[in-house]
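Observations on the model geometry
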Amino acid sequence: MRRKLLVANWKMNGSLDLCRRMFPALIDVARTQPEMVICPPTLHIAETVRHASGTRIRWGVQNVSEKAAGALTGEVSVPMAHEMGCAYAIVGHSERRAFFGESDELVADKVQACLFHHITAIACVGETLAERQAGQAFSVLARQLRLLLERFDDEAWRHIVIAYEPVWAIGTGESAQPEQIGQVMRFIRHFADAARPGLGQSMSLLYGGSVRPDCAEHVFQSEDVDGALVGGASLDVESWLAIYQAACRSFDLDSLQQAA
Ligand code: PEP
């Protein structure tokens, strides 16, 4: 069964005060499906653990090193994230690719580190506006996905989630249209199937890029979308809850539970 999840990416935002206000409001709302995953800044993971332990809320880190330990000032390793109870790690976010020069190879190494230490990797892919306008969206996605499909077998893919985040939609307030999202999701599933028969239908695909309460239901209407990665709107308690509740309404939870 494809896992359904809503992932909050706080990026370099938030504070201890936000943790203290946010978590009490989420605890009674969070269900097991769709999973509610909060990825605060790494320094706020400990506070997250304090509030979310023993609840249905899961948490994760926004980035990890591909190395397990060493002289790498400022980096955070997957074993450290695992020790803090992180179930997820976002890997290869477009901001990491653009501002920190992360390559497809490095992203694949980070996914591998996650899998080795039992953390589910949320691997981000997505084209820039220039690439879309040049008609290169699908070739860019194919390039970003190819190494992951070559390197990881079907068992590993049970612990990899792909987040399609068109760079032109991130933080702009302009989400991609449902038809555009559906088209890309279908492409990703076909591309995955061609490399690994059967994977296309079993992999979990998230959409990310200006998901807000007013467009959330449209985003979830594509049957190929299994959830969302949410940036800006996840910093506001009401917006985040509205998006989560839209996901709960959109996914057919009864049939999910029967299939579980
Ligand atoms: C993101 O950066 O992962 C993201 C989706 O941001 P926003 O929702 O703010 O567009």
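Presented here is a report on the structure given in the accompanying data block. Note that the structure is a prediction, hence the values are computed from the model and not measured.

Scoring rules and cut-offs
- Residues numbered from 1 in each chain as written.
- Predicted model: local features only at pLDDT ≥ 70, side-chain atom pairs only at ≥ 80, totals over all residues.
- Heavy atoms only, no water.
- Core = buried A, V, L, I, M, F, W, Y, C linked by side-chain atoms within 4.5 Å.
- Buried < 20%, exposed > 50% of the residue type's maximum accessible area, 1.4 Å probe, protein only.
- Contact = heavy atoms within 4.5 Å.
- Helix = DSSP H or I, 4+ residues; strand = E, 2+ residues; numbered from the N terminus.
- Polar contact = N/O pair within 3.5 Å; in protein donor to acceptor, adjacent residues only side chain to side chain.
- Phe/Tyr/Trp six-rings, centres within 6.5 Å; stacked < 30°, edge-to-face > 60°.
- Axes fitted to C-alpha atoms, helices over the stretch in contact; angles between N-to-C directions.
- Parallel < 35°, antiparallel > 145°, perpendicular 65-115°, else oblique.
- Left-handed = near helix turned anticlockwise from the far one by under 90°.
- Nonpolar A, V, L, I, M, F, W, Y, C, P; charged D, E, K, R; others polar.
- Near = heavy atom within 4 Å.
- Areas by Shrake-Rupley, 256 points an atom, 1.4 Å probe, with all protein chains shown as cover.

By size, the foremost hydrophobic cluster in this structure holds 72 residues, and its most contacted members are Ile162 and Phe220. Ignoring any residue separated from it by four or fewer positions in sequence, one finds Ile162 in contact with Ala123, Val125, Leu145, Leu148, Trp157, Met203, Ser204, Leu205 and Leu206. With 13 residues, the next largest nonpolar core counts Leu5, Cys39, Cys124 and Val161 among its residues.

This part is about the side chain of Arg2. Within the secondary structure, Arg2 is located in the segment before β1 (5–9). Using a relative accessible area of 14% as the deciding quantity, one classes Arg2 as buried. A distance of 2.8 Å separates the side chain of Arg2 from the backbone oxygen of Glu223, its partner in a polar contact. Only 2.9 Å separates the side chain of Arg2 from the side chain of Asp226, close enough to count as a polar contact. What Arg2 contacts, discounting residues up to four positions off in sequence, is Arg189, Gln201, Ser202, Met203, Ser204, Glu223, Asp224 and Asp226.

Enumeration over the complete set of coordinates arrives at five aromatic pairs. Look at Trp10 and Phe23: their rings are 6.2 Å apart centre to centre, the planes differ by 40 degrees, and that puts the pair in the tilted class. Highlighted residues: Trp10 in the loop between β1 and α1 (16–26) and Phe23 in helix α1, separated in sequence by 13 residues. Their ring planes at 45 degrees and their centres at 4.7 Å tell us that Phe138 and Phe187 sit as a pair that is tilted.

Here we come to the packing of α1 against helix α2 (residues 45–52). When two helices pack together, their arrangement is captured by the angle between the axes and the distance separating the axes. Where α1 meets α2, the closest approach of the two axes is 10 Å, and the angle between their N-to-C directions is 20 degrees. Put simply, α1 runs roughly parallel to α2. For the pair α1 and α2, the sense of crossing is right-handed. Taken together, the residues of α2 that come into contact with α1 (itself represented by Leu16, Cys19, Arg20 and Phe23) are Glu47, Thr48, Arg50, His51 and Ala52. Among the residues forming the contact of α1 with α2, the class breakdown is four nonpolar, two polar and three charged.

Glancing now at the site of the ligand. Around the ligand, the surrounding shell holds 15 residues, and the nearest of these are Lys11, His93, Glu165, Gly171 and Ser210. With respect to the ligand, the backbone of Ser210 contributes an N or O atom lying 2.7 Å from an oxygen atom. Between Gly232 and the ligand, the recorded distance is 2.8 Å, taken from a backbone N or O atom to an oxygen atom. Relative to its unbound accessible surface of 300 Å², the ligand loses 98% to contact with the protein. Of the residues contributing to the shell around the ligand, the split by class is four nonpolar, eight polar and three charged.

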